[in-house]
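This is what each chain is made of:
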Amino acid sequence: MMAAAKTDSLIERAEFAIETDALTKAFGDLLAVDHLNCRVPYGQIFGLLGPNGAGKSTTIKMLTTLLDPTSGSAKVAGFDIVAAPARVRSSIGYVPQMLSADGALTGEENLMLSAKLYAIPRAERQPRIADALEFMGLTEFGRRLVKTYSGGMIRRLELAQAMLHRPMVLFLDEPTIGLDPVARHTVWDRLRELRQNYGITILITTHDMDEADELCDELALMHRGQIAALGQPAELKAGLGPAATLDDVFARFSGGSIQEGGSYRDIRQTRTTASRLG
Amino acid sequence: MTSARLAPQPAAWVEPNAVAQVWRETFAIANVELRKLFRDPTELFTRAIQPVLWLVVFGQVFSRVRGIPTGNISYLAFMTPGILAQSVLFAAIFYGIAVIWERDLGIVHKLLVSPAKRISLVLGKAVSAGFRGVVQAVIIYLIAAALGIAIRWQPVHIFAVLAGVALGSAIFSTFSLIIACIVKSRERFMGIGQVLTMPLFFASNAIYPIAIMPGWLKVVALVNPLTYLVDALRGQMIVGGESVHGFASDFGIMILIFIVLSAVAARLYPTLLR
Ligand SMILES: Nc1ncnc2c1ncn2[C@@H]1O[C@H](COP(=O)(O)OP(=O)(O)OP(=O)(O)O)[C@@H](O)[C@H]1O
Ligand SMILES: [Mg+2]
């Protein structure tokens, strides 16, 4: 009782959708995320950039309660990720870096599984699934097996899945990787609408500088587990000179090197998924 | 399109009734597993080949040896419940590799970010493994009948056999899940799966009674869950078959084993991503 009352007052006081305090994750000697301090206001589309292995996915995995931090803490939608993981999970949606919808199920079956796991009341499940499919332009494909979908359709299905339970915060790990330009723009449009119409907070990671520039309100450039630069896309560019692009910003703050150890596992997984679906 | 149904909802937190929650989540998982199974049932039939070979080839030959004391029943009848238990073990032990595969595809990530209780994710797999086991059992009943083995066809005995098989499948699939969480890679799992299944099979009463084993093997057989499954099935499935411990104690011991294994698996499941 006491504990519940205490966390409930937190949600009113929380100013930020995401707030980290010296958030750290070590894998052996490697500090994948190194005392990260970061705040994302409600309603923002926040972009996390950085070279391979910078710690973006690890940060997301901690914020979504998939990994426990080694030290430090974070709050998502006002809830502590370590002390109240169940409430964090109820408040967020997550799309992992690899294409992860279940290919052996139909689109609707994927969504129905989420509806049940997120405790959406029985009577609301079908209407919400229909709405989410329509919003993502997948209505006519709902009954088809996901392994017959294109990469863009799978991503849209995953977004539908991630927002079915009306989360406060969406975490999207490279949502447009491997998508053609049309599919990419469709995803951007849907994300903008979610933010515009419903005030959903969105944290995305990306290697696509156009995506960072056009879609994000604010960017953090990660390097070796720390934030090397933070600001609106225009500010970051202006900081380097009148004609600078985000590519210049990226090169400047990631030590000029695109390869930094790299996360072999995630790349391999993305490939596996791509070949499975391709 | 603007729909109120998509708007975020700061959840009015209702502390869920834990039992109802686990029930709903478990069957949500089992439901999709079974849909996948029925969409591609070939696996169910290929898994029936091995028990046929054991009964038709091995069983027929060893029936002539008459060196193994099987009481007042034929060797073939003696080994039939053992082969049913074996096929349950072999089918369930590969659940873990499917889970590693799902981890690599990101499916496990999605289950783990949902507010579902971790025990539900484990029980959902166990329920679907139990169902597969029951299908195996039906196939082996048919084979046994075709071989002229005297079967106890009374519904209560068939029900007892199916319940035992479902529980045994749940045990071995959960055990397999635990191994998957520890080894984490498909390659290592394949190795360990091979190394584990044969000893579990031979250090049990599946194809010879415990009474004729050397002392050290008796000890191993007594801590082997397969022994209790075989013993339970032997008393229920065939006419004249005798259970050493009795169905109730076999079933009780298996329930205890399952409770311990699922508690361990629920703790380990999230570590699959580490
Ligand atoms: N489970 C793990 N065990 C050990 N090291 C890990 C693990 N996961 C990530 N790492 C390491 O932590 C570092 C950060 O990885 P992370 O996946 O967070 O990078 P990223 O910024 O998402 O990279 P990418 O752009 O390639 O997706 C990398 O050096 C990676 O190899
Ligand atoms: Mg990554």
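Residues numbered from 1 in each chain as written. Chains lettered and ligands numbered in written order. Predicted model: local features only at pLDDT ≥ 70, side-chain atom pairs only at ≥ 80, totals over all residues. Heavy atoms only, no water.

Trainee: An account of the interface of chain B and chain A is requested, with residue identities and associated values reported.
Mentor: Contacts between the two partners involve 36 residues from chain B and, on the opposite side, 48 residues from chain A. The junction of chain B with chain A conceals about 4,300 Å² of combined surface from both sides, 61% of it contributed by carbon and sulfur atoms. Along the contact surface separating chain B from chain A lie five salt bridges. With a shortest N-O distance of 2.6 Å, Lys36 of chain B and Asp102 of chain A are connected by a salt bridge. Ranked by residues supplied to the side of chain B that touches chain A, first place goes to helix α1 (residues 18-39) of chain B with nine residues. (Contact = heavy atoms within 4.5 Å. Buried area = accessible area lost by both parts, 1.4 Å probe. Salt bridge = Lys/Arg side-chain N within 4 Å of Asp/Glu carboxyl O. Helix = DSSP H or I, 4+ residues; strand = E, 2+ residues; numbered from the N terminus.)

Trainee: Give a description of the packing of helix α4 (residues 75-92) of chain B against helix α7 (residues 118-146) of chain B that names residues and reports values.
Mentor: All names here are of chain B. Where α4 meets α7, the closest approach of the two axes is 10 Å, and the angle between their N-to-C directions is 150°. By the angle between their directions, the pair α4 and α7 is classed as roughly antiparallel. Pair α4 / α7 crosses with right-handed handedness. Contact with α4, carried on its side by Thr80, Ile83, Leu84 and Ser87, involves Gln136, Ala137, Ile140 and Ala144 of α7 and no other residues of that element. (Axes fitted to C-alpha atoms, helices over the stretch in contact; angles between N-to-C directions. Parallel < 35°, antiparallel > 145°, perpendicular 65-115°, else oblique. Left-handed = near helix turned anticlockwise from the far one by under 90°.)

Trainee: Go over unusual backbone geometry with me, naming the residues and quoting the values.
Mentor: Not every positive phi belongs to a glycine, and Ala77 of chain A is a case in point at roughly 55°. Tracing the sequence through the fold places Ala77 of chain A in the loop between β4 (71-76) and β5 (79-80). Given the relative accessible area of 2%, Ala77 of chain A is considered buried. Phi angles above zero are rare outside glycine, and Lys184 of chain B is one such case at about 65°. (Buried < 20%, exposed > 50% of the residue type's maximum accessible area, 1.4 Å probe, protein only.)

Trainee: Could you give me a rundown of the state of the cysteines, with the residues and numbers involved?
Mentor: Residue and element names in this part refer to chain A. Tallied over the full model, the rule gives zero disulfides over all chains. With no disulfide of its own, Cys38 lies closest to Cys216 among cysteine sulfurs, the gap being 12 Å. Under the relative-accessibility criterion, Cys38 is labelled buried at 11%. (Disulfide = S-S within 2.5 Å.)

Trainee: Give me the lowdown on the pattern of salt bridges, citing residues and values where you can.
Mentor: With the rule as written, the count across this model stands at 22 salt bridges over all chains. A salt bridge links Glu158 of chain A to Lys110 of chain B; the nearest nitrogen and oxygen atoms lie 3.3 Å apart. Of this pair, Glu158 of chain A sits in helix α6 (residues 151-163) while Lys110 of chain B is found in helix α6 (residues 107-113), placing the two residues in two different chains. Take Lys110 of chain B: its relative accessible area is 13%, and that puts it in the buried class. Residues Arg184 of chain A and Asp208 of chain A are paired through a salt bridge, measuring 2.2 Å at the closest nitrogen-oxygen approach. Residue Arg184 of chain A is found in helix α7 (residues 181-198), and its partner Asp208 of chain A is found in the loop between β8 (201-205) and α8 (209-215); the two are separated by 24 residues along the sequence. Take Arg184 of chain A and Asp208 of chain A: they sit in the same class, and that class is buried.

Trainee: Give me the lowdown on the sheet that holds strand β7 (residues 169-173) of chain A, citing residues and values where you can.
Mentor: Residues and elements named next belong to chain A. Strand order across the open sheet formed by six strands is β6-β7-β8-β3-β9-β10, with mixed pairing between neighbours. Since the sheet does not close on itself, it has two edges, and those belong to β6 (92-95) and β10 (226-231), each with one partner. Taking each pair of neighbouring strands and ignoring which way they run, the sheet shows an average axis angle of 15°. Pairing between strand β9 (residues 218-223) and β10: five bridges, direction antiparallel. What sits directly across from Leu221, in β10, is Ala229. Relative to the sheet, helix α9 (residues 233-240) contacts β9 and β10, its axis offset from that of β10 by approximately 100°. (Pairing = 2+ DSSP bridges.)

Trainee: Explain the nonpolar core to me, and be specific about the residues and the numbers.
Mentor: Within the largest apolar cluster, 104 residues are counted, with the highest numbers of intra-cluster contacts made by Val76, Val169 and Phe171 of chain A together with Leu84 of chain B. Broken down by element, this core gets its largest block of residues, twelve residues, from α4 of chain B. With near-sequence residues (within four places) excluded, Val76 of chain A lies in contact with Ala17, Leu63, Ile81, Val88, Ile92, Val169 and Phe171 of chain A. Counting residues in each nonpolar core, the second largest holds 49 residues, with Leu179, Met209, Cys216 and Leu246 of chain A among its members. (Core = buried A, V, L, I, M, F, W, Y, C linked by side-chain atoms within 4.5 Å.)

Trainee: Describe the coordination of the magnesium ion (ligand 2), with residues and values.
Mentor: All names here are of chain A. The protein atoms that coordinate the magnesium ion (ligand 2) are Ser57 (OG) and Gln97 (OE1), at distances of 1.9 to 2.3 Å. On the criterion of sequence distance, the pair formed by Ser57 in helix α2 (residues 56-63) and Gln97 in the loop between β6 and α4 (107-117) is long-range, its members being 40 residues apart. On the accessibility criterion, Ser57 (12% relative accessible area) is buried. (Donors = N, O, S within 2.8 Å, 3.2 Å for Na, K, Ca; no water.)

Trainee: Please give an account of the packing of aromatic side chains that cites residues and values.
Mentor: Residues and elements named next belong to chain B. According to the stated counting rule, one finds eleven aromatic pairs over all chains in the structure shown. A ring pair is formed by Trp54 and Phe201, whose centres lie 5.2 Å apart and whose planes are at 80°; its orientation type is edge-to-face. Here Phe201 lies in helix α9 (residues 186-202) and Trp54 lies in helix α3 (residues 49-65), a separation of 147 residues in the sequence. Residue class for Trp54 comes out buried when judged on its relative accessible area of 16%. Measuring from ring centre to ring centre gives 5.0 Å for Phe201 and Phe202, while their planes differ by 50°; the resulting arrangement is tilted. Among the residues examined, Phe201 registers a relative accessible area of 0% and is labelled buried. Taken together, the ring pairs in this structure connect Trp54, Phe58, Phe62, Tyr75, Phe78, Phe90, Phe201 and Phe202 into an aromatic cluster. (Phe/Tyr/Trp six-rings, centres within 6.5 Å; stacked < 30°, edge-to-face > 60°.)

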